[in-house]
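# A closer look at the structure
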Amino acid sequence: MERGKFIVFEGIDGSGKSTQINLLAEALKKRSISCRTTLEPTFGMVGSVLHDILSGKMSADPKVVASLFVADRLDHILNQTDGVLKSVENGETVICDRYYFSSYAYQSVEVPRDWVVSANRMAAETLRPDATIFIDISAETAMNRISKNRENTELYETKERLSAVREGYFSAFELMKDEERIFVVDGNRSIDEIAEEIQKIVFEKIC
Ligand code: ADP
Ligand code: TYD
């Protein structure tokens, strides 16, 4: 059985990840490639606590939050019910909204990046993405989109924070350019133009 691909989307909040994930999933299905979509933080036992922290219902030290993201990620890939690793091994392509680069970018604003990277090593060694697609928009565009679409903002959704997170992504991409397949896509275009570029990357270089 041929292994499925593991394709990760990254970007600051509001960058258009879920929009593009749905379009890519449709395009894969049209080509009869079996696929499913998933996301982090999950809605499993650890992920649910993270959603409460992000919405402000609970609070925790940034080091604890960073550890919870690691635990949620391992549960996401390894759990016996719908773990991503098993799906990929069974030939299904999985498209995931956020993975460890989100931790490198978001948690490293407050927790040393070396620690975040080593805490995620088990996930990286267990399941490395075949491609990480980063949709790049400015923190300003992100805040405009978020305030237009939602009544409440989440923990990291300020312009200053998202700007630091965007820098954190680029710095992590530079650090890991030899071991990861990273594709940066300009997110300041129409939904269709971005989708076309992503499909070109996926069908010519990944699938
Ligand atoms: P994310 O999953 O990264 O948070 P979404 O796909 O939910 O992003 O998009 C955030 C908002 O921006 C949504 O209202 C969506 O319709 C809109 N949006 C997505 N892509 C674009 C684009 N290329 N141009 C303008 N608006 C967009
Ligand atoms: P979500 O509501 O899913 O936002 P989005 O649609 O923008 O992805 O919230 C996810 C939030 O969690 C987002 O602000 C990024 C943050 N996050 C981390 O800080 N570290 C991580 O490892 C992950 C997976 C997410």
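Everything quoted here is computed from the prediction, not taken from an experiment.

## Side note on the nonpolar core
The nonpolar side chains of soluble globular proteins are, as a tendency, buried together. Counting 40 residues, the largest nonpolar core has Phe-6 and Tyr-169 as the members making the most contacts within it. Leave out the neighbours within four places in its chain, and Tyr-169 touches Glu-10, Gly-11, Ile-12, Arg-98, Phe-101, Ser-102, Ala-105, Tyr-106 and Phe-134. Grouped together as the second largest cluster of nonpolar side chains are 20 residues, Ile-7, Ile-21, Leu-24 and Ile-201 included.

## Here's the deal with the layout of surface pockets
Each pocket or cavity is described by its volume, and for the largest pocket that value is around 710 Å³. In this structure, the largest pocket is lined by 34 residues; those nearest its centre are Asp-13, Gly-14, Lys-17, Arg-98 and Arg-150. Every element with two or more residues in the lining of the largest pocket is listed here: α1 (17–30), α2 (45–55), α3 (62–78), α5 (100–106), α8 (139–149) and α10 (191–206). Ranked by residue count, the leading element in the lining of the largest pocket is α1, at four residues.

## A short note on the pattern of salt bridges
A side chain of one charge can pair with a side chain of the opposite charge if their charged atoms are brought near each other. Within this structure, the stated rule accounts for 13 salt bridges. Among the ionic pairs, Glu-40 bridges to Arg-73, the shortest N-O distance being 2.7 Å. One end of the pair, Glu-40, is in the loop between β2 (35–39) and α2; the other, Arg-73, is in helix α3, with 33 residues separating them in the sequence. Residue Arg-166 is joined to Glu-167 by a salt bridge in which the shortest nitrogen-to-oxygen separation is 3.9 Å. Note on Glu-167: relative accessible area 48%, which makes it partly exposed. Connected through salt bridges with shared partners, the residues Asp-136, Arg-166 and Glu-167 form a single ionic network.

## What to know about the site of ligand 2
Surrounding ligand 2, one finds 15 residues, the nearest of these being Asp-13, Arg-73, Arg-98, Ser-103 and Gln-107. In the model, a nitrogen atom of ligand 2 is placed 2.7 Å from a nitrogen or oxygen of the Gln-107 side chain. Given that more than half its atoms are within 2 Å of the pocket grid, ligand 2 belongs to the largest pocket. For the shell around ligand 2, the secondary-structure elements that each account for two or more residues are α3 and α5.

## Description of the packing of aromatic side chains
Applying the stated criterion to the full structure yields 13 aromatic pairs. Here Tyr-100 and Phe-101 contribute two aromatic rings whose centre-to-centre distance is 5.9 Å and whose plane-to-plane angle is 50°, an arrangement assigned as tilted. Here the aromatic rings of Phe-134 and Phe-173 are separated by 5.2 Å at their centres, their planes lie at 75°, and the arrangement is edge-to-face. You can see Phe-134 sitting in strand β4 (residues 131–136) and its partner Phe-173 sitting in helix α9 (residues 159–175), a full 39 residues away along the chain. In terms of burial, Phe-134 and Phe-173 fall into one category: buried. One aromatic cluster is present, built from ring pairs that chain together Phe-6, Tyr-99, Tyr-100, Phe-101, Tyr-104, Tyr-106, Phe-134, Tyr-156, Tyr-169, Phe-170 and Phe-173. Lying over the aromatic face of Phe-203, Arg-31 brings its terminal NZ or CZ to 3.7 Å of the ring centre.

## Thoughts on α1
Relative to the 20 Å expected for 14 residues at 1.5 Å per residue, α1 spans 20 Å between its end C-alpha atoms, a close match to the ideal helical length. Listed as buried for α1 are Lys-17, Gln-20, Ile-21, Leu-24, Ala-25, Ala-27 and Leu-28. One side of α1 carries all its buried residues, which in axial view fall inside an arc of 165°. Turned more than 90 degrees away from the buried face of α1, the exposed residues are Glu-26, Lys-29 and Lys-30. Residues of α1 that are buried in the fold lie against β1 (6–10), β2, β3 (93–97), β4 and α10. After α1 finishes, the residue Ser-32 shows a positive phi value of roughly 60°.

## Some points on the site of ligand 1
Near ligand 1 lie 13 residues; those nearest to it are Lys-17, Ser-18, Thr-19, Asn-149 and Arg-189. Ser-18 places a polar side-chain atom, nitrogen or oxygen, 2.8 Å from an oxygen atom of ligand 1. Asn-149 places a side-chain nitrogen or oxygen 2.9 Å from an oxygen atom of ligand 1. Protein contact buries 69% of the 560 Å² of open area that ligand 1 shows by itself. Cavity membership is defined here by more than half of the atoms lying within 2 Å of grid points; on that basis ligand 1 lies in the largest pocket.

Thresholds applied
Residues numbered from 1 in each chain as written. Chains lettered and ligands numbered in written order. Predicted model: local features only at pLDDT ≥ 70, side-chain atom pairs only at ≥ 80, totals over all residues. Heavy atoms only, no water. Core = buried A, V, L, I, M, F, W, Y, C linked by side-chain atoms within 4.5 Å. Buried < 20%, exposed > 50% of the residue type's maximum accessible area, 1.4 Å probe, protein only. Contact = heavy atoms within 4.5 Å. 1 Å grid on protein atoms, 1.4 Å probe; cavity = no way out; pocket = protein on both sides within 12 Å on 5 of 7 lines; lining within 4 Å. Points joined across faces, edges and corners; volume = space filled by probe spheres on them. Helix = DSSP H or I, 4+ residues; strand = E, 2+ residues; numbered from the N terminus. Salt bridge = Lys/Arg side-chain N within 4 Å of Asp/Glu carboxyl O. Near = heavy atom within 4 Å. Polar contact = N/O pair within 3.5 Å; in protein donor to acceptor, adjacent residues only side chain to side chain. Sits in = over half its atoms within 2 Å of the grid points. Phe/Tyr/Trp six-rings, centres within 6.5 Å; stacked < 30°, edge-to-face > 60°. Lys NZ or Arg CZ within 6 Å of the ring centre and 35° of its normal. Expected span 1.5 Å × (residues − 1). Arc of directions from axis to C-beta. Areas by Shrake-Rupley, 256 points an atom, 1.4 Å probe, with all protein chains shown as cover.

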